Amino acid sequence: QLITLLVALLAANVANAYKVGVGSADMTGPAAQVNFMGYAVPNQIGRGIHMRLHARAYVVVDDDDSRIAFVSIDGGMGSDLLNLKVLDKLSEALGDDSIYSYDNLAISGTHTHSGPAGFLQYVLYQFTSLGYVEETMDAFVEGISTAILEAHNNVQDGVEIAYATGNKLLDSNINRSPSSYLLNPEEERAQYADEGDTDKNMLMLKFTGSDGEDLAMLNWFAVHGTCMNNTNKLISGDNKGLASYLFEREINGVDVLPGKGKFVAAFASTNLGDVSPNTQGPVCHSGPNEGQPCDFTSSTCKDDKGKDKNEACYSLGPGTNGNMVESTKIIATNQFNHALDLYKNQATNKVEGKVAYRHTFLDMRNRDVLLEDGSIGKTCPASLGYSFAAGTTDGPGMFDFTQGTNSSSPFWNVVSGFISKPTEEEIACQSPKPILLNTGDVEKPYEWDPATVPISVFQIGQFFILNVPGELTTMAGRRMRAHIKKVLEDNGVVDPVVTIAGLTNTYTHYITTFEEYQAQRYEAASTLYGPHTLGAYMQEMERIVLDLLNGDESVTDSQPEDLTEAQISFVPPVVVDFVGIGNKFGDVKDDAEKSYGFDEVVSVSFHAANPRNNQRLEDTFLSVEKKNDDGSWGVKYVDGDWCTKFMWEGGVGHAGQSTATVEWDLAEAKEVGAEEGTYKICYFGTRKHVSGKFEEFTGCSSEFAVEA
């Protein structure tokens, strides 16, 4: 009887386990001369790296070999063209195009605003990046594919998955459109009175190997990747990228270089549409009301002439005087500490059951939406309203646009009419949005916005991931989660857990509730498909969830067109690298001092070459090396570490002489275990000859001492 019982217990344990593989890979992209994706500020052009960007992949398989692949990327958002190219690369590598497809692959962006642009195939997202940027796309495809293949090849049996929701994470987010949130029904808002106008719960999955080994962690928490503001020129994963770095370093050990450890930790995005990390809140930074709160509804401040202007109204993070680097660290550390507590102490709820998925493409133009009163609403061809141009309190816009604009301007109507003049039907459909950019009707030089978009649902036992291609606001996300949870419960799923993976598989700007849409603040003006956008997504998500539960295939519209051949790029190529007479590439220009204390920053500059010549994926542009007792050198820090910065200053245009400066912040290094000793800083580059040939080179500083 004892043997029978043990066998039964073992069988039950195996039945509740999954086959899981995880992987992480570098996808940083061009480190210079490419505009950043997010703020759409033309002069926010990369000039180096603070932290490298990574793709973190999770492959989960059940006993019937049904599998899903979820990837969280340190990037602005997903892209339908990116998915297509990743799937092509996976098919080629595996020799089989049936293992991973649109159906079971989700690529979700953390929404950092400090990564290279040019990887979306639609015109609207390419203005400030000067079109499509092949260097960005190639790096993203390589990194994401490598992470998925690593996960695929490392799948192991008997992995236990557990989840935790834990207590509220405070002081880490605020609602940047609270006046819009208040338009939602009072009884609905009352359901979330304990959290207020932002979600403060973090939802986590913990993956443990059959031998008890820590394998991976994946969580969702709502906060924008906008701690680093639009003046930043160094590539960064922002708060979520740093939180991943801190968690992986905690589990893998301080001696493991970034992205090289076995344990993978992703801090994924969810319904962050109206959620800001800049917790000091919006105040006026100039004018007669300087230091006072901005107008609550329009986020404007009076200028010296008494005119309402949005440029002076913005929020700062919790860092000293709003310092963006310090703010990034604070918000990241808050998430890291909260996640670590969940992981160690609260992730005990076992996930049990099958792995399944459903996916569909939706043509979002003129789609019927069944409303609560039984009437039919419709979605609209894509357009952006006036308040889109006003920006947000994380990054205000220009040209006298303000949030909450429900009326149009004759001047801007004429200007936007040159692009595309909306029909009376489109104006009525989008009402009360005054249309500034009628993007859905523009096809020259190619489409400006997606017309057909993907949604999908992943099931891992009682855990359901809703993959949505946009930024849902707080209440939009709450409404969708509650609706789908009820659908699941009504159809026999016991205690379902539902999360939303935002910015997944393509990008459609924002998704507000119908009520929030009426206020036409930034998020509503950026809700592409009109006031019933959320209703359409909820309706279609319910449809594919029911398909999943009933074992039915999901009806789908045609997939988006591959616009690769139509893409236009005006990013100039690197022509040639020069170094001054008497100098060599890699020579030190400004050397290190003889010694430093732990409260100082080491800075060394070198005669450099353009970093676009070699992105050094899975490599580094710098190393901080410590001298061992036997005289050899060991690499301690690289350009993916928080305590280092790689900064590049180019010559005239895209050719000529350039300088690379490496900084090592000793106070930050001490926090992660840096010790006294003898060090040197090295720089690694690739020069381009006039002939087009590339040549590697290295330069190192003099030795210096680090002393307490």
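Quick notes on the rules
- Residues numbered from 1 in each chain as written.
- Predicted model: local features only at pLDDT ≥ 70, side-chain atom pairs only at ≥ 80, totals over all residues.
- Heavy atoms only, no water.
- Helix = DSSP H or I, 4+ residues; strand = E, 2+ residues; numbered from the N terminus.
- Buried < 20%, exposed > 50% of the residue type's maximum accessible area, 1.4 Å probe, protein only.
- Contact = heavy atoms within 4.5 Å.
- Lys, Arg positive; Asp, Glu negative; His and termini not counted.
- Charge placed at Lys NZ, Arg CZ, Asp CG, Glu CD.
- Pairing = 2+ DSSP bridges.
- Axes fitted to C-alpha atoms, helices over the stretch in contact; angles between N-to-C directions.
- Core = buried A, V, L, I, M, F, W, Y, C linked by side-chain atoms within 4.5 Å.
- Disulfide = S-S within 2.5 Å.
- Phe/Tyr/Trp six-rings, centres within 6.5 Å; stacked < 30°, edge-to-face > 60°.
- Lys NZ or Arg CZ within 6 Å of the ring centre and 35° of its normal.
- Patch = residues over 30% accessible without salt bridge, like charges linked within 9 Å, V, L, I, M, F, W, Y side chains within 5 Å.
- Areas by Shrake-Rupley, 256 points an atom, 1.4 Å probe, with all protein chains shown as cover.
- Salt bridge = Lys/Arg side-chain N within 4 Å of Asp/Glu carboxyl O.
- Polar contact = N/O pair within 3.5 Å; in protein donor to acceptor, adjacent residues only side chain to side chain.

K.L.:
I would appreciate a short explanation of the overall build of the chain in the present structure.
P.N.:
Scanning the chain for helices and strands turns up 14 helices and 39 strands. By its C-alpha atoms, the chain is 90 × 80 × 50 Å across when sized along the principal axes. For the chain, the proportion of its 708 residues judged to be buried stands at 58%. Sequence-distant contacts, at least 24 apart, represent 76% of the contacts inside the chain between residues at least 6 apart. Taken as two groups, the 53 positive and 98 negative side-chain charges of the chain have centres that lie 3 Å from each other.

K.L.:
Looking at this structure, I do not really get the sheet that holds strand S30 (residues 588-590). What am I missing?
P.N.:
Adjacent strands of a sheet form backbone hydrogen bonds with each other and so pair up, either parallel or antiparallel. Across the sheet, 6 strands lie side by side as S2-S3-S35-S36-S32-S30; this open sheet has antiparallel pairing. Strands at the two margins of the open sheet, each flanked by one partner only, are strand S2 (32-35) and S30. Mean inter-strand twist for the sheet, computed between neighbouring axes without regard to direction, equals 35 degrees. Pairing analysis gives 8 bridges linking strand S32 (residues 601-608) to strand S36 (residues 658-665), with the strands arranged antiparallel. When the sheet's bridge partners are listed, Val602 is paired in S36 with Trp664.

K.L.:
Before we go on, may I ask you to explain the pairing of strand S1 (residues 18-26) in this structure?
P.N.:
The side chains of a regular strand alternate, first on one face of the sheet and then on the other. In terms of burial, S1 is a largely internal element, 8 of the 9 residues being buried. Of the pairings in the sheet, the one linking S1 to strand S7 (residues 156-164) comprises 2 bridges and is antiparallel in character. In the sheet register, Val20 faces S7, and the bridge partner there is Gln156. As defined by bridge partners, S1 adjoins strand S4 (residues 54-61) across 8 bridges and the pair is classed as antiparallel. What sits directly across from Asp26, in S4, is His54.

K.L.:
How should I be thinking about the nonpolar core in this particular structure?
P.N.:
Most often, soluble globular proteins keep nonpolar side chains buried together rather than apart. With 117 residues, the main nonpolar core has Ile144, Met480 and Trp664 as its most contacted residues. The residues touching Met480, leaving out its near neighbours within four places in the chain, are Leu466, Val468, Leu472, Ile500, Leu534, Tyr537 and Met538.

K.L.:
Help me out: how do you make sense of the state of the cysteines in this one?
P.N.:
Cysteine pairs can be linked by a disulfide, which is a covalent bond between their two sulfur atoms. Applying the stated criterion across every chain, the model contains 4 disulfides. The disulfide partner of Cys294 is Cys313, and the gap between their sulfur atoms is 2.2 Å. With the S-S bond torsion at 115 degrees, the cross-link from Cys294 to Cys313 turns out right-handed. Here the residue Cys294 occupies a position in the loop between strand S13 (282-284) and strand S14 (301-302), and Cys313 occupies one in strand S16 (residues 313-315), the gap between them amounting to 19 residues. Judged by relative accessible area, which is 10%, Cys294 ranks as buried. Here Cys682 is linked by a disulfide to Cys700, with a sulfur-sulfur distance of 2.0 Å.

K.L.:
Sorry, what's going on with the pairing of S32 here?
P.N.:
With 6 of 8 residues buried, S32 is to be regarded as a mostly interior element. Pairing geometry for S30 and S32, over 2 bridges, is antiparallel. Bridging across to S32, Val588 finds its partner in Phe606.

K.L.:
Help me out: how do you make sense of unusual backbone geometry in this one?
P.N.:
Phi is mostly negative for residues that are not glycine, and the peptide bonds are mostly trans. Residue Pro432 is reached from Ser431 by a cis peptide bond, and omega for that bond is 10 degrees. Of note, the bond from Lys444 into Pro445 is cis; its omega dihedral lies within 30 degrees of zero at -5 degrees. Within the secondary structure layout, Pro445 lies in the loop between strand S24 (435-437) and strand S25 (452-460). Even without being a glycine, Asn321 presents a positive backbone phi close to 55 degrees. On the secondary structure map, Asn321 appears in the loop between S16 and helix H7 (324-346). The phi angle at Gln520 is positive, at roughly 55 degrees, despite the residue not being glycine. On the accessibility criterion, Gln520 (0% relative accessible area) is buried.

K.L.:
Before we go on, may I ask you to explain the packing of aromatic side chains in this structure?
P.N.:
Two measures describe an aromatic ring pair: the distance that separates the ring centres and the angle between the ring planes. With the rule as written, the count across this model stands at 24 aromatic pairs. Between the aromatic rings of Phe119 and Phe140, the centroid separation amounts to 4.8 Å while the plane-to-plane angle is 45 degrees, which identifies the pairing as tilted. On the criterion of sequence distance, the pair formed by Phe119 in the loop between strand S6 (105-109) and helix H3 (134-153) and Phe140 in helix H3 is long-range, its members being 21 residues apart. There is no split in this pair, since Phe119 and Phe140 are both buried. Looking at Lys206, its charged tip hangs above the ring of Tyr343, at a distance of 4.5 Å from the centre.

K.L.:
Is there a simple way to explain a nonpolar patch on the surface in this structure?
P.N.:
Together, Leu130, Ile568 and Phe570 make up an exposed nonpolar region whose accessible area comes to about 290 Å². We classify Ile568 as partly exposed; its relative accessible area is 31%.

K.L.:
Before we go on, may I ask you to explain the pattern of salt bridges in this structure?
P.N.:
One side chain can pair with another of opposite charge once the charged atoms of both are near each other. A complete count under the given rule lists 30 salt bridges for this structure. With a shortest N-O distance of 2.7 Å, Asp639 and Arg52 are connected by a salt bridge. Taken as a pair, Asp639 in the loop between strand S34 (633-638) and strand S35 (644-649) and Arg52 in the loop between strand S3 (45-49) and S4 lie far apart in primary sequence, 587 residues in all. Side by side, Asp639 and Arg52 carry an identical accessibility label, which is buried. Through salt bridges that share partners, Arg367, Glu540, Arg543 and Asp557 make up one connected network.

K.L.:
It is not clear to me how the sheet that holds strand S26 (residues 463-467) should be interpreted in this structure. Could you clarify?
P.N.:
Spatially, S18-S25-S26-S28 is the arrangement adopted by the 4 strands of the open sheet, whose pairing is mixed. Of all strands in the sheet, those with a lone pairing partner are strand S18 (355-363) and strand S28 (497-501), marking the two edges. Strand-to-strand, the axes of this sheet are offset by a mean angle of 15 degrees, without reference to chain direction. Both S18 and S25 contribute to a ladder of 9 bridges, which runs antiparallel. Counterpart to Arg358 in the pairing with S25 is Val457. Taken strand by strand, helix H10 (residues 474-490) contacts S26 and S28, and its axis lies near 140 degrees from that of S28. Contacting S18, S25 and S26, helix H13 (residues 533-550) runs over the sheet at an angle of about 45 degrees to S25.

K.L.:
Looking at this structure, I do not really get the side chain of Asp62. What am I missing?
P.N.:
For Asp62, the location among the structural elements is in the loop between S4 and strand S5 (67-73). Here Asp62 occupies a buried position and makes no salt bridge, while the nearest side chain of opposite charge, Lys19, is found at 7.3 Å. Among the polar contacts listed, one links the side chain of Asp62 to the backbone nitrogen of Asp64, at a separation of 2.9 Å. In this view, Asp62 contacts Lys19, Lys354 and Val355; residues no more than four positions away in its chain are not counted.

K.L.:
Got a minute to help me understand the environment of Met27 in this structure?
P.N.:
Tracing the sequence through the fold places Met27 in the loop between S1 and S2. For the pair Met27 and Leu546, spaced 519 residues apart in the sequence, the C-alpha separation amounts to 36 Å. The residues touching Met27, leaving out its near neighbours within four places in the chain, are Leu53, His54, Ala55, Ile73, Asp74, Ala139, Phe140, Gly143, Ile144 and Leu617.

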